[in-house]
Amino acid sequence: MPQESEIRVGLAGYGTAGEFFHAPLIAATPGLRLAAVVTGDPERAARVRRTHPGADVLASADDLPGRCDVVVIASPNRTHVPLARAALEAGLPVVVDKPLAGSAAQARDLVRLAAERGLMLTVFQNRRWDGDFLTIRRLLPELGAIHRLESRFERWRPVPKGGWREMGDADEIGGVLYDLGSHLVDQALQLLGPVSAVYAEADARRPGVRSDDDAFVALTHVSGARSHLWMSAVAGRLGPRFRVLGSRGAYVKSGLDPQEACLRAGERPDGTARADGPAWGVEPPDRWGELGVEGDSRAVPTEPGAYQEFYAGVVACLRDGAPPPVDPCDAVASLAVLEAARRSAESGSTVALPAVTS
């Protein structure tokens, strides 16, 4: 990996993930240069040329080798495994948007291939850098032993948007369980550790939708703690984003981290296109969560969100040999939980989960 020149990034996919998350964060990261973007859509290609004029627009990911030093895969979920495997076999380190694969076995194979080639493989779990999640980490000593984590990603979208996430079959790896659930399960495992049992419910509530758009997952962690996770596109009233119950008190937080909205509005962590207002990732006091017990609680400042830390970690890994910002073995563990959740939802029973090894 070049030590002096910028690291050239090849981005495969310019849908929502590529355009609003990966491309702007790459462009805002010192040491990285968005060198090429793969898209076959003429309108998206025009937006690439307008927003990232220094990047080549390519019709196929097959054209990335030789044009970049690292590949970022932000294409539809069903393409994650073949594109990641092709990049690794071409000798290129890889960032893959979540979910890494459709199964833990597929993810484990990619981890093994990357290790054999001595190449970085990491997964874009940006929600580890949500301000509310960082706040929970900061508050752990005050919360005491966590006995229950309640976590939600809920939306009100009564009319389907269409596309593979909602209308595709199982091979598309769509639906809220693998989409939003990838974040919620990852956060639960980061906070409370491995899982021994999974119970889940998953339904397609809206007419014409083939993938699950409303799901609930209950995890029993090896420690004895429990996680209750909700993900939905049909929630007419939203529950709190987090309710964390500990032996010393509780933390309750509503509302989503502001970084996604900022990225969609064309803002970036380096200040590009930002209007006057709070610094990147900072929430105003009226959005802060509360810490305490019934009748005795106080608002606590939300930690600034920091999605930029993910790609800063990619640079540190490629240049300095630091660990990847997200260990791909964590994705294997999360996918094992998601697979168990799918089986539980289909059978209506609790699924025991053996220890996951890489």
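For the structure, check the block above.
Here is what the cut-offs are and how they apply
- Residues numbered from 1 in each chain as written.
- Predicted model: local features only at pLDDT ≥ 70, side-chain atom pairs only at ≥ 80, totals over all residues.
- Heavy atoms only, no water.
- Helix = DSSP H or I, 4+ residues; strand = E, 2+ residues; numbered from the N terminus.
- Contact = heavy atoms within 4.5 Å.
- Buried < 20%, exposed > 50% of the residue type's maximum accessible area, 1.4 Å probe, protein only.
- Pairing = 2+ DSSP bridges.
- Right-handed = clockwise from strand over helix to strand, strands pointing away.
- Axes fitted to C-alpha atoms, helices over the stretch in contact; angles between N-to-C directions.
- Expected span 1.5 Å × (residues − 1).
- Polar contact = N/O pair within 3.5 Å; in protein donor to acceptor, adjacent residues only side chain to side chain.

**Q** Sorry, what's going on with the environment of Gly239 here?
**A** Position of Gly239 among the secondary structure elements: in the loop between strand S10 (226-232) and strand S11 (242-246). A sequence separation of 16 residues divides Gly239 from Gly255, and the C-alpha atoms of the two residues are 8.9 Å apart. Among residues more than four places away in sequence, those in contact with Gly239 are Arg152 and Glu154.

**Q** I tried to follow the pairing of strand S1 (residues 7-12) on my own but got confused; where do I start?
**A** Looking along a regular strand, one sees the side chains alternate between the two faces of the sheet. Counting buried positions along S1 yields five of six residues, so the element is predominantly enclosed. Direction of pairing for S1 relative to strand S2 (residues 32-38): parallel, over a ladder of six bridges. When the sheet's bridge partners are listed, Ile7 is paired in S2 with Leu32. Regarding the hand of the β-α-β motif, the stretch spanning S1, helix H1 (residues 16-27) and S2 is right-handed. In this sheet, strand S4 (residues 70-73) lies alongside S1 in parallel orientation, the contact comprising four bridges. Looking at the pairing, Ala12 lines up with Ile73 of S4.

**Q** Just checking my understanding: could you explain the sheet that holds S4 for this structure?
**A** Within a sheet, adjacent strands bond to each other through the backbone by hydrogen bonds, running parallel or antiparallel. Read across the open sheet, the six strands follow the order S3-S2-S1-S4-S5-S6; overall the sheet is parallel. Since the sheet does not close on itself, it has two edges, and those belong to strand S3 (56-58) and strand S6 (121-124), each with one partner. Taken over all neighbouring pairs, the strand axes of this sheet differ in orientation by 25° on average, direction set aside. In this fold helix H3 (residues 80-89) packs onto S1, S4 and strand S5 (94-97), with an angle of close to 175° to the strand it touches most, S5.

**Q** Could you clarify how one ought to interpret helix H10 (residues 328-347) in this entry?
**A** What sets the pattern is the α-helix's 3.6 residues per turn: residues three or four places apart point alike. An ideal rise of 1.5 Å per residue puts 28 Å on 20 residues; H10 measures up with 29 Å between its terminal C-alpha atoms. The N-cap residue of H10 is Asp327: its side-chain oxygen and the backbone nitrogen of Cys329 are 2.9 Å apart. Following H10 by one or two positions, Gly348 has its phi on the positive side, about 75°.

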